[in-house]
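Architecture at a glance
Residue-level listing of the chains:
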Amino acid sequence: MKPIDPVKREKALALLASTSDSKLLTHLNSCVRCGLCAISCMYYDTFHEAKYIPAVKVDIVASIYKRYNTFLGKHAPKLVNARPLNEETAEEMVDLLFGSCTMCGRCVTHCSIGVDISYLVHKGREMLAEMGMVPASLQSTVDAAVQTGNNMAIPVEEYTDTIEWMEEELQDEVEDENARIPLDETDCNIFYTLNPREPKFFPLSIKAMAKIFYAAKESWTLSSKYYDVTNYGYFNGNTAEATLIARNLHDEVLRLKGKRLILGECGHGSYANRWEGPNYLGHSYEFDMITAVELIKEYIDSGRIRLDKSLNSEPVTIHDPCNLIRNGGLFKTLRYVLHASCSNIIEMDPYGNDNHCCGGGGGQLAMSEYNERRLGIGKIKADQISKSSAKIVITPCHNCVDQLLQLNHTYKLNVKIMTVAEIVANALIL
Amino acid sequence: MVVYSAMEWYHILAWVASVICFGIFFGHFIRLIRFGMPKDKAKAQGRTSAGIRYAYINSMMPQHKESAYLHLPTYTAGIIYHLGTFLSLLLLIFSLINIWIGWKIPELLGWILGGCLLISTLCGLGVLIKRIVKQELRSFSNPDDYISNGLTTIFQAITALFMAFPHLPAVEMVYFIISVLFLLWFPLGKTRHILYFFFARLHLGYFYGRRGTWPEH
C-alpha cells in the first residue's frame with residue numbers, strides 16, 4: 001500500500017477534531033464495546049467473524065479519535081487502544097467501512113447505548129476520501145455523475161431517445177397520442193427525477209410513473225441533463241463531490257422553475273437530497289421536496305388517481321429500503337400506498353423500521369471488489385422473501401431492485417421484483 | 001451523633017479525587033452543551049421532541065432491542081450492574097459528607113445495601129468473565145474494557161463491604177482508597193459513558209424524530 005500523504009492525513013484527522021455540534025463528540029465517546037450489536041448486523045449474522053461486529057467499525061474510528069484528541073489516547077494509548085492513522089489502520093478502515101457496511105442503521109436502533117454507528121462509518125469514509133482511499137469502482141461512479149450529470153454516464157442522446165420511446169409506449173398503452181413525457185419544460189408543478197438504471201436497463205418504470213402523472217393530469221417534467229436522483233458522493237464520503245451533485249440537481253430545478261422536486265424511487269438518493277442536500281448547500285431549498293411514494297399518496301388521498309387493487313391480486317411482500325423507511329420515516333406512507341394498490345400483502349419478518357437491508361446499500365452495488373460479500377449477506381433478505389411465500393417483491397428503490405434481482409437469480413427465489421410506480425400503475429383506473 | 005474532628009489522609013484523597021472527577025465530567029458536559037444540537041437545514045418531517053422522548057423511554061424497553069431480548073441474561077445482569085453503580089456513587093457521596101456528620105447507618109439498612117451491592121457485584125463479575133471467556137468479545141477488547149469493568153466491580157464490592165461493616169477502620173480505609181482509584185479512572189475510561197449515554201439518546205431521538213421514524217407506529 002502506498003504511503004499516505006501527510007497533508008491529506010492531517011485533513012482526515014481534522015475531521016475528527018472539528019465539530020459544529022455535539023453529535024460527533026457524543027458518538028465517539030459512547031460505545032462500551034458490549035458487542036450486543038453483533039446480531040443486528042447482516043455481515044456478522046452471515047459470516048460470524050468478530051471483525052464484522054458494528055462496534056469494531058465504531059472502534060476503528062474512535063481509536064483514531066482517542067489517539068489524537070484524548071488524554072489517555074495521547075499519553076497511554078495502549079490502555080485505550082488508541083491507534084495512529086497510518087497505512088495499516090487506513091487499509092483496515094477501507095475493508096471495514098467501505099467493504100463491510102451498508103450503513104443501513106439497523107444496528108443503531110438496537111445498540112444498547114444508542115451509538116449512531118452508521119454516522120461514524122460515514123465519518124470514517126469521509127476520512128478515507130480525504131486521503132484518496134475510496135474503492136476505485138465506487139469512485140468511478142461518482143466521477144461519472146460529476147462529469148456527465150448521471151452516475152452511469154448515459155449520453156444525452158441515448159437518454160432522450162429512451163424517453164421518446166417510452167412516451168410512444170405510454171401513448172399506446174393509454175390510447176392517447178397526447179400523453180407525454182415532458183423534457184426540459186419550464187414552470188411545471190413537478191420536476192421528477194430518475195435513477196439512471198431506469199433509462200439504462202428498466203425504462204418501463206419510467207413509463208409506469210408517467211402513466212401515474214397522466215392519470216393525475218399532472219404538470220411535470222424531466223430534465224435532459226440533471227435528472228439523476230442518486231448521489232454516490234454520499235457513499236464515497238467526499239463531501240465536496242456530494243455537494244456538487246446535489247447542487248447540480250438543485251440548480252436545475254431552479255433553472256426549469258419547477259415548483260416541487262420529486263425524488264424518484266431511490267433510497268439513498270432520496271436521503272442524500274432530502275436530508276443531506278440542504279446541509280451540503282448550506283441553506284434550505286427554495287422549493288418543496290418529497291419522494292415519489294409521498295406524491296402517490298397525495299394523489300390517492302386527493303382522488304387525483306383511482307386504484308383498483310384487485311388488479312394486483314398476487315401475493316406481494318414489501319422490502320423496506322433503509323434510507324426511506326428506517327432512516328426516512330416513510331413506513332406508514334409506503335403501507336398506505338401499497339394497501340391501496342394491492343389486495344394481498346404479506347409482510348416479511350421483520351418488517352418496517354426493523355427490516356433487514358437488501359445488502360446492496362452503502363454503495364455496495366457500485367463496489368465490485370465486494371460482490372461476494374454483498375451476495376453473501378443478501379441471503380438474509382432472500383430467506384425473508386422465501387418465508388413470506390410472496391410472488392412479487394415491491395420496493396421503492398432501484399438500487400434495492402438491482403440487488404433483489406441478483407438475489408432472485410443467486411438464490412433461485414423465483415419472484416418478480418417491482419417498484420411502487422409499477423405496481424400502482426397496474427392498478428390505475430383511467 | 002458523633003462528630004469527627006479530623007479527616008484521615010484517605011478522606012482527603014477521596015475528596016480531591018471527587019473534585020477532579022466532577023471537574024472533568026463538568027468540563028465534558030459544558031463542552032457538549034456549548035456545541036449544541038446539529039444545525040439541520042433539512043425540513044423536519046416529524047417532531048424532534050416526540051422522537052427524543054421515545055429515545056429515552058420506549059426505545060429503551062427490552063422488547064424493542066435485539067441487544068436486550070436476544071441476550072436477556074446479559075441484559076439483566078447489565079441493568080443490575082448499572083443500578084449497583086448508581087447506588088455505589090450515591091453512597092460514596094453520602095460517605096464523603098458523612099465524614100463530618102458521622103451518622104451511623106442502621107445495621108439492618110447496611111446489610112440490605114450490602115446485599116444488593118453484592119448481587120450487582122456478581123453481575124459485574126459475570127459481565128467481566130463473559131468478556132474474558134468469549135473469544136469474539138476478547139478480540140476487540142482493550143485494557144480500558146477490563147479496567148473499567150474490573151474497577152467498577154471492585155468499587156461496588158468494597159461499597160457492599162463498607163455498608164455491612166462501617167465500623168471497621170481497615171474496611172473504611174480500603175473503601176476510600178478504592179474510591180479514589182475509581183473516581184480518577186471514571187471520567188477517563190469508557191466509564192465516561194455515564195454522561196455520553198444521555199447525549200447519545202438525545203441525538204438519536206433528534207435524528208429519528210426529525211424524520212418521523214420515532215415514535216414508532
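Just so we're clear, the structure is a prediction, and the values are computed from it rather than from any experiment. Within any chain, residue numbers begin from 1 and follow the written order of that chain's sequence. Chains carry letters from A onward and ligands carry numbers from 1 onward, assigned in written order. Whole-chain, interface and lining totals are the exception, using all residues; otherwise, since this is a predicted model, local features are given only for residues with pLDDT of at least 70 and side-chain atom pairs are given and counted only at 80 or more. As a rule here, side-chain values cover all heavy atoms of the structure and leave hydrogens and water aside.

**Description of the environment of V115(A)**
All names here are of chain A. The test is simple: In DSSP terms, a helix is any run of H or I states spanning at least four residues, a strand is any run of E spanning at least two, and both are numbered starting from the N terminus. Classification of residues uses two cut-offs on accessible area relative to the type maximum, computed with a 1.4 Å probe and protein chains only: under 20% is buried, over 50% is exposed, and between them is partly exposed. Throughout, a contact is declared for two residues whenever any of their heavy atoms are within 4.5 Å.
Of note, V115 is situated in the loop between helix 7 (106–110) and helix 8 (117–130). For V115, a relative accessible area of 2% gives the class buried. C-alpha separation for the pair V115 and N29, spaced 86 residues apart in sequence, amounts to 9.0 Å. Setting aside residues no more than four positions away along its own chain, V115 makes contact with H27, S30, C31, V58, V108 and L120.

**A closer look at the pattern of salt bridges**
Under the convention used in this document: Any carboxyl oxygen of Asp or Glu within 4 Å of a side-chain nitrogen of Lys or Arg constitutes a salt bridge here.
Summed over the entire model, instances satisfying the criterion amount to 27 salt bridges over all chains. Here R255(A) makes a salt bridge to E252(A), at a shortest N to O gap of 2.9 Å. Linking R255(A) with E252(A), this pair stays in helix 14 (residues 239–255), spanning 3 residues, or about one helical turn. What you see here is one network of salt bridges that share partners, running through R33(A), D59(A), R131(B), D144(B), D145(B) and K190(B).

**With respect to the domain arrangement of chain A**
It is common to report an interface's size as the accessible area lost on association of the parts. Residues and elements named next belong to chain A. Using the following cut-off: How far each domain reaches was decided by an automatic or database domain assignment. Values labelled buried area give the accessible surface lost by two parts on being combined, using a 1.4 Å probe and summing over both. Under this grouping Gly is polar, as are all residues other than the nonpolar Ala, Val, Leu, Ile, Met, Phe, Trp, Tyr, Cys and Pro and the charged Asp, Glu, Lys and Arg.
Domains assigned within chain A are domain 1 (6–133), domain 2 (138–299) and domain 3 (305–427). Domain 1 and domain 3 are separated by 30 Å when their C-alpha centres are compared. Each partner contributes to the interface: domain 1 provides 21 residues, whereas domain 3 provides 19 residues. Of the roughly 1,600 Å² buried where domain 1 meets domain 3, counting both sides, 55% is carbon and sulfur surface. Taken as a group, M42, T102 and R106 account for 38% of the area that domain 1 buries against domain 3, more than any other trio of residues on that side. On the surface where domain 1 and domain 3 come into contact, there are 2 salt bridges. Between R106 and D354 there is a salt bridge whose closest N-O contact spans 3.2 Å. Residue assignment for the side of domain 1 that touches domain 3 shows that the elements contributing at least two residues are helix 3 (42–47), helix 6 (87–98) and helix 7. No other element matches the 5 residues that helix 3 contributes to the side of domain 1 that touches domain 3. Considered class by class, the residues forming the side of domain 1 that touches domain 3 number 9 nonpolar, 7 polar and 5 charged.

**Notes on the pairing of strand 4 (residues 288–291) of chain A**
Residues and elements named next belong to chain A. Stated precisely, the cut-off is as follows: Note: two strands are recorded as paired if DSSP finds a minimum of 2 bridges between them. Classification remark: right-handed applies to a crossover when, strands pointing away from the viewer, the course from the first strand over the helix to the second runs clockwise.
Pairing analysis gives 4 bridges linking strand 3 (residues 260–263) to strand 4, with the strands arranged parallel. Looking at the pairing, R260 lines up with D288 of strand 4. The parallel pair strand 3 and strand 4, bridged by helix 15 (residues 267–281), forms a crossover whose chirality is right-handed.

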